[in-house]
Structure formats: C-alpha cells, structure tokens
Amino acid sequence: MSPTGVGLPGVQRLDHVGITVPDLEQARRFFVDVLGCEYMYTLGPYLDEQGNWMHEHLNVHPRAVMNQLHFFRCGGAAVFEVFEYSAPDQDTVPPRNSDVGGHHVALYVDDLDKAVDYLRENNITVLGEPTVSKGPSEGQRWVYFLSPWGMQFELVSYPNGKAFDRQN
C-alpha cells in the first residue's frame, strides 16, 4: 500500500495480458478461430546463452528460451501477448484459481447462452452452467471455460448493468 494512498503515478488502464502456452500454433488457432481475436505480429526468439538477463529481467531460468511470442487483439481493445518458452525448470501444469498465482481472463459477451453454445460446438470445455450473480453483481451471469492447454477463461454478461452500477 502506498503511504500516501495515491497509488501508482500515471496509471491509466490495463495495457495487455501476457500468457505462456505449451504450443503457440494451438494458441493461435484458439485466439483467432475460437475467440475471434485478430493476430497482430510475432517476435522472438529471445535467449541469453551466457548471462543472467532472462532471470534478472523476466524472473525465469537464466537459460530459458522465449521461442516466439504472438500478439492478438480481441474486441478492439484487449491485447494478449502469448509466449512459448522452453526452460530447464518449466512447470507445464496450469495453476488452478485456488493456487497462489492462479488467474483467469474474463471476456464480456452480449449473449451468454449463445456464446456458451458456440464454445461447446467448438469442443471447448465449459465448466458447469452459467451462474446468476447476487448482491452488488446482481444482473450479471458468468461461466468458466478452459483453453485447449487448460488455462481458465470466463465469459461474463450484464446487458442491463450490475446492481452496484445502479446504486446512488
């Protein structure tokens, strides 16, 4: 916490989300063909064969290789920076939400039921049925789904807003 309560100077918005995947081509198909994102460009490879740059700057094993990374834009705003690494100490099991470092990416959709049907038609694992939120989030419905490599995503929809938006 900032002692002044002001926060990070100059912060404006979320810029992008970085994701590491086991197979960049599989991820490209998922982001473009299933989610409808726009492929933007590719960078890499990046490695440091003798120094400590990878550990010092990216907190990965010094001999890790960032084979390639792709950038995708989704819905005209969200940018996904998608990496494929190889590293001597790489963990290949995605964290669950309950694990430290667990996470998910939530995507807003206009029609949750239509989006869930679409995911199922494309053989994407949907976790349960949509949930109706209560309390401050009343008006929202949501459901989790898994990418082909097991990363957690969420669909959310609140076409008439959430309860906390209507409170004055």
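Residues numbered from 1 in each chain as written. Predicted model: local features only at pLDDT ≥ 70, side-chain atom pairs only at ≥ 80, totals over all residues. Heavy atoms only, no water.

A separate point is the sheet that holds strand β5 (residues 105-108). If you trace the four strands from one edge of the open sheet to the other, you get β5-β8-β7-β6, paired in mixed fashion. Every other strand in the sheet has two partners, leaving β5 and β6 (126-132) as the edge strands with one partner each. The average angle at which neighbouring strand axes cross in this sheet is 20 degrees, direction not considered. Across six bridges, strand β7 (residues 141-146) lies against strand β8 (residues 152-157) in antiparallel orientation. If you follow Phe145 over to β8, its bridge partner there is Phe153. In the packing of helix α3 (residues 112-121) onto the sheet, contacts are made with β6, β7 and β8, and the angle to β6 comes to roughly 175 degrees. (Pairing = 2+ DSSP bridges. Helix = DSSP H or I, 4+ residues; strand = E, 2+ residues; numbered from the N terminus. Axes fitted to C-alpha atoms, helices over the stretch in contact; angles between N-to-C directions. Contact = heavy atoms within 4.5 Å.)

Applying the stated criterion across every chain, the model contains seven salt bridges. The partner of Glu25 in a salt bridge is Arg29, with the nearest N and O atoms 3.7 Å apart. Highlighted residues: Glu25 and Arg29, both in helix α1 (residues 24-34), separated by four residues, approximately one helical turn. Through salt bridges with shared partners, a single network forms among Glu25, Arg28 and Arg29. (Salt bridge = Lys/Arg side-chain N within 4 Å of Asp/Glu carboxyl O.)

What follows covers unusual backbone geometry. Here the bond from Gly44 into Pro45 is cis, since omega is 10 degrees, no more than 30 degrees from zero. The topology assignment puts Pro45 in the loop between β2 (38-43) and α2 (53-58). Non-glycine residue Asn59 carries a positive phi angle of around 60 degrees. Relative to the assigned elements, Asn59 resides in the loop between α2 and β3 (65-74). Accessibility expressed as a relative area gives 62% for Asn59, which makes it exposed. (Buried < 20%, exposed > 50% of the residue type's maximum accessible area, 1.4 Å probe, protein only.)

Next up on the list: the nonpolar core. Grouped together as the largest cluster of nonpolar side chains are 28 residues, with contacts concentrated most on Phe30, Phe31, Leu35, Phe80, Phe145, Phe153 and Leu155. Those elements giving two or more residues to this core turn out to be α1, β3, β4 (78-86), β5, α3, β7 and β8. Among the elements that line this core, the one with the most residues is α1, at five residues. Leu69, Phe71, Val79 and Phe83 belong to the second-largest nonpolar core, a separate cluster that totals eight residues. (Core = buried A, V, L, I, M, F, W, Y, C linked by side-chain atoms within 4.5 Å.)

All right, on to the packing of aromatic side chains then. As enumerated under the stated definition, the model contains 13 aromatic pairs in all. With centroids separated by 5.0 Å and ring planes inclined at 45 degrees, the aromatic side chains of Phe31 and Phe80 adopt a geometry described as tilted. In this pair, Phe31 is assigned in helix α1 and Phe80 in strand β4, connecting sequence segments 49 residues apart. Overall, Phe31 belongs to the buried group, its relative accessible area being 0%. For the pair Phe145 and Phe153, a centre-to-centre distance of 5.5 Å together with 25 degrees between the ring planes defines the contact as stacked. Across this residue pair, the class does not change: Phe145 and Phe153 are buried. An aromatic cluster of three or more residues is present, and its members are Phe30, Phe31, Tyr39, Phe72, Phe80, Phe145, Trp149 and Phe153. (Phe/Tyr/Trp six-rings, centres within 6.5 Å; stacked < 30°, edge-to-face > 60°.)

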